Amino acid sequence: MSFSELSSQEIQRRETLNKLREMGIEPYPAALYPVTDYTQGIKDNFVESKQVCVAGRMMSQRIMGKASFAEIQDSTGRIQVYFNRDEICPGEDKTLYNEVFKKLLDLGDFIGIKGYLFTTQVGEISIHVQEFTLLSKSLRPLPVPKTDDDGKVHDAFTDPELRYRQRYVDLVVNPQVKEVFVKRTKLFTAMRNFFNEAGYMEVETPILQAIPGGAAARPFITHHNALDIPLYMRIANELYLKRLIVGGFDGVYEFSKNFRNEGMDRTHNPEFTAMEIYVSYKDYNWMMDFTEQLLEHCAIAVNGTSDCTFGENQISFKAPYKRVTMRQSIIDFTGFDIDGKSEEELRAAAKGMGISVDETMGKGKLIDEIFGEKCEGNYIQPTFITDYPKEMSPLCKVHRDNPELTERFELMVCGKEVANAYSELNDPIDQRERFEDQVRLAEKGDDEATGLIDQDFLRALEYGMPPTSGLGIGMDRLIMYLTNNPSIQEVLFFPQMRPEVKMQKIELSDNEKLILSAVEKIQKGLLLDVKETVNLSNKAWDVAVKNMTKAGILKVTKEEDVLYIQIG
RNA sequence: GAUCCGGUAGCUCAGCUGGUAGAGCACCUCACUUUUAAUGAGGUGGUCCUGGGUUCGAAUCCCAGCCGGAUCACCA
């Protein structure tokens with residue numbers, strides 16, 4: 001980037017930087033700064049005249065002649081600091097105050113403050129500055145939102161594109177954004193603590209997988225050079241955690257960054273975080289009890305209460321949650337009983353409900369469509385929907401009482417799935433058949449089916465996996481509920497964005513070349529003549545000439561009301 | 001992928017039916033010793049998203065494109 005591409009404010013700050021260096025002040029000093037206090041702690045435990053040393057960004061400056069106020073923002077908040085010229089500069093030389101503080105410090109600079117605490121006449125806790133140190137210069141102006149007496153925010157940094165692309169700026173100027181991410185971390189910590197106290201172990205499993213299994217989704221594909229094989233970014237970690245249960249762990253869990261090469265919208269990001277936990281000798285009934293305890297615990301850890309607000313809805317994560325079978329749910333909302341119905345009867349019923357169906361849909365898919373259209377959206381409070389049809393769940397154990405169903409539940413909150421759990425299928429022969437069914441579906445063109453069989457996973461099951469229940473939770477979605485954010489971009493530090501395109505015109509356009517060659521022939525001539533020669537539209541002419549005069553290639557001069565054009 | 005809305009100063013935005021680009025904050029200069037959206041006076045700053053077209057003249061109208069947001073569809 002050349003100097004001329006900087007805005008005037010950026011140029012000023014670079015000049016300021018040079019002036020500081022000329023004065024012998026290093027704008028990026030190496031030494032540590034001996035911070036003793038944080039702003040929040042000072043406000044919580046105010047002690048008059050206490051000596052403190054704080055550091056942070058200067059976020060505002062109010063200069064009133066020989067005295068000034070500024071605000072310092074650190075990781076915990078902001079505090080006001082008071083500068084007095086004659087105390088900063090006791091001698092004749094007032095440079096440190098008049099030049100360095102008043103002129104060479106900019107909003108956004110990191111400074112260190114040594115001083116003592118006091119309250120101003122209007123009662124604001126402040127630091128009386130005795131010494132200040134420039135810790136790091138900021139070369140770009142920060143947007144600085146301000147709140148007026150009526151609580152109205154001015155100059156907010158609100159453009160979502162800028163906020164996501166420059167999250168660092170968003171975090172500096174929008175404290176409520178920081179709060180979301182603090183809560184996100186609290187959620188992860190709370191969940192870890194809950195699992196660890198239950199005696200389960202956090203593990204790591206491969207992100208690069210030779211066969212992307214455990215879910216049905218399009219993977220990202222990459223290539224390993226040394227082995228010369230394709231590798232896939234994981235779409236789920238389920239099959240690896242089960243291998244560990246085979247290996248003899250009682251309970252294993254992992255916070256898994258998963259990658260799916262599918263559409264992006266306000267609830268989907270190509271990489272997202274799931275938590276999966278597998279516990280041996282348990283079934284899905286136990287897992288429901290465990291899940292509701294877990295979520296109550298997490299909600300309280302994050303928000304201090306099991307209640308939370310999401311949009312217009314009040315949600316309570318207090319256990320226990322309602323449990324409804326999928327069959328009962330469909331009866332409740334449509335009056336139709338799916339039990340014992342043939343594929344044709346289901347298709348006719350779905351059609352009758354105004355759901356678009358086609359001939360390729362099997363029983364499971366039809367039931368899923370009915371549930372998705374007519375039932376799912378009605379569950380605002382956390383509700384377990386249980387006993388899904390078999391075709392939809394190739395990794396789940398058949399229901400102990402009904403061979404058409406599986407021992408599966410999903411937890412619905414605000415009409416969306418937050419968690420998914422099974423009594424895990426551990427019959428290796430059944431598992432192999434289900435995989436083979438999936439391969440047949442994939443060959444028929446069902447792009448939701450998995451086309452590759454993970455033979456090693458089947459080998460593991462053949463050695464024997466104890467009865468196990470597993471649970472997966474969409475962490476991004478859960479934190480959206482707990483922080484009342486309707487879009488996933490708000491709960492990810494760096495949501496995926498289309499790459500920034502930098503438009504840089506290095507070469508002359510064709511029009512510009514045309515004009516330039518015409519002018520080169522004559523060196524200097526009447527502007528109107530040249531314009532006529534090149535025969536461009538007014539606008540094209542105007543744009544091209546403006547560009548080139550700006551770049552100093554051409555020069556337009558006026559002599560006695562006649563315009564001339566010449567080589568610059 | 002479809003539809004709608006938007007892209008103007010560092011930030012938030014105004015700019016009617018085409019006629020010399022505006023405000024507040026930020027920035028610069030000056031004044032001011034407890035202010036708090038500090039205040040008062042003066043000033044700098046723009047590829048009006050890009051490209052083409054219509055026109056004497058386009059931020060404004062037309063076409064194409066790029067980028068973003070919202071809604072819907074898809075993604076169990």
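Residues numbered from 1 in each chain as written. Chains lettered and ligands numbered in written order. Predicted model: local features only at pLDDT ≥ 70, side-chain atom pairs only at ≥ 80, totals over all residues. Heavy atoms only, no water.

1. Things to note about the packing of helix 13 (residues 428-443) against helix 14 (residues 455-463)
So, step 1. Between helix 13 and helix 14, the least distance of the axes is 9 Å, while the angle of their chain directions is 160°. In terms of orientation, helix 13 lies roughly antiparallel with respect to helix 14. Like other packed secondary-structure pairs, helix 13 and helix 14 cross with a definite hand, here right-handed. Two secondary-structure elements touch here, helix 13 through P428, Q431, R432 and F435 and helix 14 through Q455, F457, L458, L461 and E462. (Axes fitted to C-alpha atoms, helices over the stretch in contact; angles between N-to-C directions. Helix = DSSP H or I, 4+ residues; strand = E, 2+ residues; numbered from the N terminus. Parallel < 35°, antiparallel > 145°, perpendicular 65-115°, else oblique. Left-handed = near helix turned anticlockwise from the far one by under 90°. Contact = heavy atoms within 4.5 Å.)

2. Concerning the packing of aromatic side chains
So, step 1. Counted by the stated rule, this structure contains 21 aromatic pairs.
So, step 2. Here the aromatic residues F188, F194, F195, Y200, Y253, F255, W286 and F290 are joined through ring pairs into a cluster of three or more.
So, step 3. Here the guanidinium or amino end of K341 rests over the ring plane of F336, the centre of that ring lying 5.4 Å away.
So, step 4. One residue, R408, lies across the ring of Y388, its end atom 4.7 Å from the ring centre. (Phe/Tyr/Trp six-rings, centres within 6.5 Å; stacked < 30°, edge-to-face > 60°. Lys NZ or Arg CZ within 6 Å of the ring centre and 35° of its normal.)

3. Remarks on the sheet that holds strand 4 (residues 110-119)
So, step 1. Overall, mixed pairing links the five strands, which are arranged 1-2-3-5-4 in a closed barrel. Going across the sheet, the axis of each strand differs from the next one's by a mean of 55°, ignoring polarity.
So, step 2. Relative to strand 3 (residues 77-84), strand 2 (residues 67-74) is paired through eight bridges, and the arrangement is antiparallel. Counterpart to E71 in the pairing with strand 3 is Q80. (Pairing = 2+ DSSP bridges.)

4. Notes on unusual backbone geometry
So, step 1. The residue after A319, namely P320, is reached through a cis peptide bond having omega 0°.
So, step 2. Assignment of secondary structure puts P320 in the loop between strand 15 (313-316) and strand 16 (322-325).
So, step 3. Even without a glycine there, the phi angle at S49 is positive, about 70°.
So, step 4. By the secondary structure assignment, S49 is in the loop between helix 2 (39-44) and strand 1 (51-64).
So, step 5. Under the relative-accessibility criterion, S49 is labelled partly exposed at 46%. (Buried < 20%, exposed > 50% of the residue type's maximum accessible area, 1.4 Å probe, protein only.)

5. What about the environment of I88?
So, step 1. Here I88 lies in helix 3 (residues 85-88).
So, step 2. Distance from I88 to F101, taken between C-alpha atoms, is 9.8 Å for residues 13 residues apart in sequence.
So, step 3. Setting aside chain neighbours within four positions, we find I88 in contact with F83, L96, V129, Q130 and F132.

6. Overview of helix 14
So, step 1. Along helix 14, the positions that sit buried rather than exposed are F457, L458, A460 and L461. For helix 14, the arc enclosing every buried residue in end-on projection is 155°, short of the 170-degree limit, so these residues lie on one face.
So, step 2. Immediately downstream of helix 14, the backbone of G464 shows phi near 110°, a positive value. (Arc of directions from axis to C-beta.)

7. A closer look at the nonpolar core
So, step 1. The biggest cluster of nonpolar side chains holds 48 residues, and the ones touching the most others in it are M191, F317 and I473.
So, step 2. For M191, the contacting residues outside a window of four places in its chain are F255, M275, L294, C298, I473, M475 and L478. (Core = buried A, V, L, I, M, F, W, Y, C linked by side-chain atoms within 4.5 Å.)

8. Some points on the pairing of strand 19 (residues 416-423)
So, step 1. Of all eight residues in strand 19, six are buried, a share of seventy percent or more.
So, step 2. Inspection of the sheet shows strand 18 (residues 408-413) paired to strand 19 by six bridges, in the antiparallel sense. Its bridge partner lying in strand 19, L411 is registered against A419.
So, step 3. Counted between consecutive antiparallel strands, the loop separating strand 18 from strand 19 contains two residues, among which C414 sits at a positive phi close to 50°.

9. Looking at the environment of D283
So, step 1. Along the chain, D283 turns up in the loop between strand 13 (271-280) and helix 9 (284-303).
So, step 2. When the C-alpha atoms of D283 and S423 are compared, they prove to be 4.9 Å apart, with 140 residues separating the residues in sequence.
So, step 3. Aside from chain neighbours lying at most four places away, what touches D283 is R400, E407, S423 and S469.
So, step 4. A polar contact of 3.1 Å, which involves the side chain of D283, links it to the backbone nitrogen of N285.
So, step 5. Engagement of the side chain of D283 in a polar contact is seen with the side chain of R400, the distance being 2.9 Å. (Polar contact = N/O pair within 3.5 Å; in protein donor to acceptor, adjacent residues only side chain to side chain.)

10. Let's talk about the pattern of salt bridges
Where charged atoms from two side chains of opposite charge approach closely, those side chains can pair.
So, step 1. The tally for this structure, following the rule as stated, stands at 35 salt bridges.
So, step 2. A salt bridge links K94 to D86; its shortest N-O distance comes to 3.0 Å.
So, step 3. Owing to a relative accessible area of 36%, D86 belongs among the partly exposed residues under this scheme.
So, step 4. One salt bridge in this structure joins E410 and R408, with 2.9 Å as the shortest N-O distance. (Salt bridge = Lys/Arg side-chain N within 4 Å of Asp/Glu carboxyl O.)

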